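Spelled out from the first residue to the last, the chains are:
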Protein chains: 2
Amino acid sequence: MDDAITLEKETLGNRAKTAVIDCDVHNAVPSIQALFPYLPDRWRDYVVEHGIKSLEPNYYPRGSSLSARPDSVLPNGDPPGSDLEVLQRQVLEPWNMEYAILNCLYGVQMIHNEDWAAAMARAVNDWQIAEWLDKEPRLRASIVVASQNPEQAAEEIHRLGKHPGFVQVLLMVRSEMLYGKKHFWPIYEAAQQYGLVIGIHAGGVTGYPTMPVGWPSYYLEDYVSQSQAFQSQIVSLVCEGTFQKFPRLRVALLESGFTWMPALMWRLDKNWKGLRREIPWVDRLPSEIIREHFRLTIQPLDESPKPEHLLQTMEQMRSQDMLLFSTDYPHWHFDEKEEALPANLPPSLEKKILSENARSFYRFD
Amino acid sequence: MDDAITLEKETLGNRAKTAVIDCDVHNAVPSIQALFPYLPDRWRDYVVEHGIKSLEPNYYPRGSSLSARPDSVLPNGDPPGSDLEVLQRQVLEPWNMEYAILNCLYGVQMIHNEDWAAAMARAVNDWQIAEWLDKEPRLRASIVVASQNPEQAAEEIHRLGKHPGFVQVLLMVRSEMLYGKKHFWPIYEAAQQYGLVIGIHAGGVTGYPTMPVGWPSYYLEDYVSQSQAFQSQIVSLVCEGTFQKFPRLRVALLESGFTWMPALMWRLDKNWKGLRREIPWVDRLPSEIIREHFRLTIQPLDESPKPEHLLQTMEQMRSQDMLLFSTDYPHWHFDEKEEALPANLPPSLEKKILSENARSFYRFD
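What you see is a predicted model; the values in this text were computed from it and never measured.

## Remarks on the nonpolar core
One finds Tyr106(A), Met120(A), Tyr188(A), Ile198(A), Met261(A) and Phe325(A) to be the most contacted residues of the largest nonpolar core, which totals 110 residues. It is helix H4 (residues 114-133) of chain A that provides the largest number of residues to this core, a total of 11 residues. Setting aside residues up to four positions removed in sequence, Met120(A) forms contacts with Ile32(A), Leu35(A), Leu39(A), Leu55(A), Tyr106(A), Val108(A) and Ile111(A). Counting 109 residues, the second-largest nonpolar core is a separate cluster that includes Ile187(B), Leu249(B), Val282(B) and Leu310(B).

Following this line, the structure appears as structure tokens:
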């Protein structure tokens with residue numbers, strides 16, 4: 001998009017009528033026991049015998065009132081996002097959603113036993129089919145994989161790649177190593193074969209400090225620096241030649257923020273011009289590759305208090321196609337529907353963000 | 001700066017007449033033997049007996065034609081930046097420089113023996129006084145310290161803090177740990193006492209991977225990700241309360257780029273609002289602390305090909321005071337003097353960048 005975006009009066013009426021595709025909704029495994037029907041005897045016994053209580057992440061601690069919508073916690077104490085009916089009532093209905101993509105965050109990446117990790121990922125996926133996809137036609141889901149062993153992850157993609165409910169393979173941004181490395185290419189080969197998007201979500205457990213000069217002290221620092229992990233993954237995927245090897249691969253960045261993107265594009269383009277001899281397979285501007293292959297969800301929005309700055313950022317990205325709507329449910333980012341998107345977006349761009357970009361990228365047509 | 005910057009016609013005549021303060025010029029130790037007159041016998045013998053050939057960095061490899069100005073390499077093979085007369089002819093004269101600040105990059109940080117590292121830092125500083133500061137009144141310099149041992153580094157600052165030639169303490173952005181940690185506070189206490197700026201320059205050797213999810217494969221990735229290290233240091237210095245403890249401390253980021261700054265400010269401000277209970281000593285917006293305490297040099301410029309985007313970035317920083325002119329000599333960023341600054345800067349802003357911001361920040365008045 002080379003034309004400047006101008007501020008236009010937004011009418012809430014338009015937004016309410018627009019079909020919405022939510023690209024980041026979190027369904028939650030209520031307990032490890034909920035996966036037992038989908039686990040082979042061997043691993044069910046293993047979990048019981050070892051007294052393993054939980055692999056559920058703790059993204060919405062009860063004492064942190066801003067972490068999840070208070071009405072998303074279930075009366076029986078089950079975690080936010082663990083009940084289909086509540087999710088239908090709180091997300092699908094009020095937003096008039098055409099589709100919502102489930103990204104189930106589960107601790108398979110924390111398991112150092114690769115076979116156990118793969119079994120847990122399979123169980124999560126079969127649980128998603130039985131408890132979510134089979135019951136609600138507006139839902140789509142991401143295949144959970146244990147990226148520790150990319151060959152096993154690829155096997156899981158082959159097992160489920162033709163299921164119409166799965167549109168994406170879910171990876172965590174803090175990975176064992178940079179995602180451009182050939183180590184991970186079996187995952188991309190399988191994803192491309194089935195036309196699945198690679199979704200990279202905030203979080204994860206890497207063996208490395210969360211900042212490139214060591215461990216920070218505070219969660220605030222940790223969360224702010226998640227965007228650095230996303231930037232590193234983009235740089236790695238582009239520089240290693242992943243998109244020359246897999247030209248139809250598409251990558252969605254989930255809960256990444258996006259206002260850092262123009263500066264990254266500029267810095268990468270500029271230094272590619274001076275150092276491109278190192279990576280001769282990258283035969284065009286990195287920013288062009290990024291615009292073609294990457295998309296980013298809009299929540300949480302790391303925006304300026306001045307609305308015109310956000311529009312400048314979108315214009316600097318030079319694409320109207322890159323942003324995808326997300327609620328990040330049950331994460332609590334806004335109180336009113338109108339706050340979920342920046343005010344004063346041009347209606348054509350708003351429609352692209354609310355649904356059309358996702359429709360095209362995830363091939364909902 | 002809340003007012004939008006408008007594109008104005010730049011006249012080269014104005015630029016030529018403006019006094020210039022260059023905040024990032026690299027003088028180079030020509031060889032380890034050049035430091036022998038400034039080393040105690042113990043350490044001179046140590047270097048000779050162990051056959052240590054060099055601690056000079058290799059930032060300008062001969063085969064890489066874009067790394068340094070070709071005319072900065074000396075006829076005798078000495079490295080770029082190692083001769084005062086050449087530097088006077090290539091930097092001070094053509095730019096009509098009022099002051100230039102020397103940042104001598106030397107491998108003291110690589111030495112694991114703290115006493116030896118401190119001795120080498122002292123030698124570099126005494127060499128700077130004798131060979132540069134005493135000979136050229138337009139030069140100022142940064143005190144080289146071995147940050148491995150902050151107490152010893154503080155001793156070196158106390159030794160030289162009253163010398164009028166030193167205006168800054170030089171640290172490398174890839175540090176042993178995050179610079180906000182109390183481990184480093186003795187350095188800041190001494191710097192504040194003498195009114196010295198803390199200069200953090202690209203480069204350095206941390207024990208951690210240069211990206212927060214592991215080691216990249218290519219120098220291009222390494223260089224692009226240096227800006228992540230700078231962002232991490234800002235976050236750490238702000239969140240740890242460094243500026244509450246040392247309210248007069250000033251930090252210059254050298255060869256950092258700056259177009260990533262608005263997005264960092266937005267992301268840090270937004271998440272501080274939600275998580276400030278973790279760091280109650282930070283009692284105002286992090287972006288306000290950044291605007292007060294940090295400055296950034298302009299070369300290398302990680303800019304958009306569209307000049308209006310750069311002006312938007314400057315406007316988004318909401319300060320006209322933060323950018324400092326630098327040539328980054330002998331690094332080769334531009335062929336013509338006119339290319340060193342963005343074209344079409346408003347004259348008042350250009351004057352601030354060329355000299356007034358540095359004059360105020362480094363207290364040249």
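And the narrative resumes.
## Regarding empty space enclosed by the protein
In the structure shown here, the tally under the stated rule is six cavities of 30 Å³ or more. Roughly 100 Å³ of volume is contained in the largest cavity. Along its surface, the largest cavity is lined by 14 residues, and Ser227(A), Gln231(A), Trp260(A), Gln231(B) and Leu264(B) are the ones closest to its centre. Residues of the lining of the largest cavity, tallied by class, amount to eight nonpolar, five polar and one charged. Approximately 80 Å³ is the volume attributed to the second largest cavity. Looking at the second largest cavity, it is lined by 13 residues, and the ones nearest its centre are Thr259(A), Gln316(A), Thr259(B), Pro262(B) and Gln316(B). At the level of elements, helix H10 (261-275) and helix H12 (307-316) of chain A together with helix H9 (261-275) and helix H11 (307-316) of chain B are the ones that each hand at least two residues to the lining of the second largest cavity. Tallied by class, residues from the lining of the second largest cavity come to seven nonpolar, six polar and no charged.

## Thoughts on the relation of the copies chain B and chain A
Of the transformation placing chain B onto chain A, the axial shift is 0.0 Å and the rotation is 180°, giving an RMSD of 0.0 Å. Such a combination of turn and shift is consistent with a two-fold rotation axis. Across chain B, the smallest distance between a C-alpha and the rotation axis is recorded for Pro212(B), namely 2.3 Å. A high fraction, 100%, of the interface residues of chain B reappear at the interface in chain A, so the copies pair face to face through one surface.

## Concerning the confidence of the model for chain A
Residue and element names in this part refer to chain A. In this model, chain A carries an average pLDDT of 91, and 95% of its residues clear a pLDDT of 70 or more. Every residue in residues 6-12 is under pLDDT 50, and counting partners more than four places away or in other chains gives 12 contacts. Overall fold confidence for the complex sits at a pTM of 0.92, while the interface term, ipTM, reaches 0.90.

## Thoughts on the side chain of Asp302(A)
Its place among the elements puts Asp302(A) in the loop between strand E7 (294-297) and H12. Side-chain polar atoms of Asp302(A) contact the side chain of Arg267(B), separated by 3.4 Å. If we skip the residues at most four places from it in the chain, Asp302(A) touches Gly257(A), Phe258(A), Thr259(A), Trp260(A), Trp266(B), Arg267(B) and Lys270(B).

## A short note on the pattern of salt bridges
Residue and element names in this part refer to chain A. On inspection of all chains with the given rule, the structure shows 29 salt bridges over all chains. One salt bridge connects Arg-44 with Asp-41, and the closest N-O pair in it is separated by 2.5 Å. Linking Arg-44 with Asp-41, this pair stays in helix H2 (residues 41-49), spanning three residues, or about one helical turn. Residue classification places Asp-41 among the partly exposed positions, given a relative accessible area of 48%. For the salt bridge of Arg-359 with Glu-356, the shortest nitrogen-to-oxygen distance reads 3.2 Å.

Thresholds applied
Along each chain, numbering runs from 1 in the same order as the chain's sequence is written. To label them, take the chains in the order written and letter them from A, then take the ligands in the order written and number them from 1. Per-residue local features of the predicted model are confined to residues with pLDDT of at least 70, and side-chain atom pairs are confined, for both listing and counting, to 80 or more; whole-chain, interface and lining totals are unaffected and use all residues. No hydrogens and no water enter the side-chain calculation; it runs on all heavy atoms of the structure. Among buried residues, the Ala, Val, Leu, Ile, Met, Phe, Trp, Tyr and Cys ones that are joined through side-chain atoms within 4.5 Å form a nonpolar core. Each residue gets one of three labels from its accessible area relative to the maximum for its type: buried under 20%, exposed over 50%, partly exposed in between, using a 1.4 Å probe on protein chains only. Secondary structure elements are taken from DSSP: a helix is a run of H or I of four residues or more, a strand is a run of E of two residues or more, and numbering for both begins at the N terminus. By definition, residues are in contact when any of their heavy atoms lie within 4.5 Å. Definitions used throughout: a 1 Å grid over protein atoms alone; a cavity as a set of points that fits a 1.4 Å probe which cannot get out; a pocket as an open set with protein on both sides within 12 Å along at least five of seven lines; a lining residue as one with an atom within 4 Å of a point. Grid points are joined across faces, edges and corners, and a volume is the space filled by probe spheres set on the points. All residues other than Ala, Val, Leu, Ile, Met, Phe, Trp, Tyr, Cys, Pro, Asp, Glu, Lys and Arg, Gly among them, are scored as polar; the first ten of these are nonpolar and the last four charged. Superposing copies: least-squares fit, C-alpha atoms only, residues required to have pLDDT of at least 70 in both. A score from 0 to 100, pLDDT tells how confident the predictor is in each residue. For this analysis, a polar contact is any N or O atom pair within 3.5 Å, provided that within protein one partner can donate a hydrogen and the other can accept it, and provided that sequence-adjacent residues contribute only side-chain to side-chain pairs. For salt bridges, the criterion is a side-chain nitrogen of Lys or Arg within 4 Å of an Asp or Glu carboxyl oxygen.

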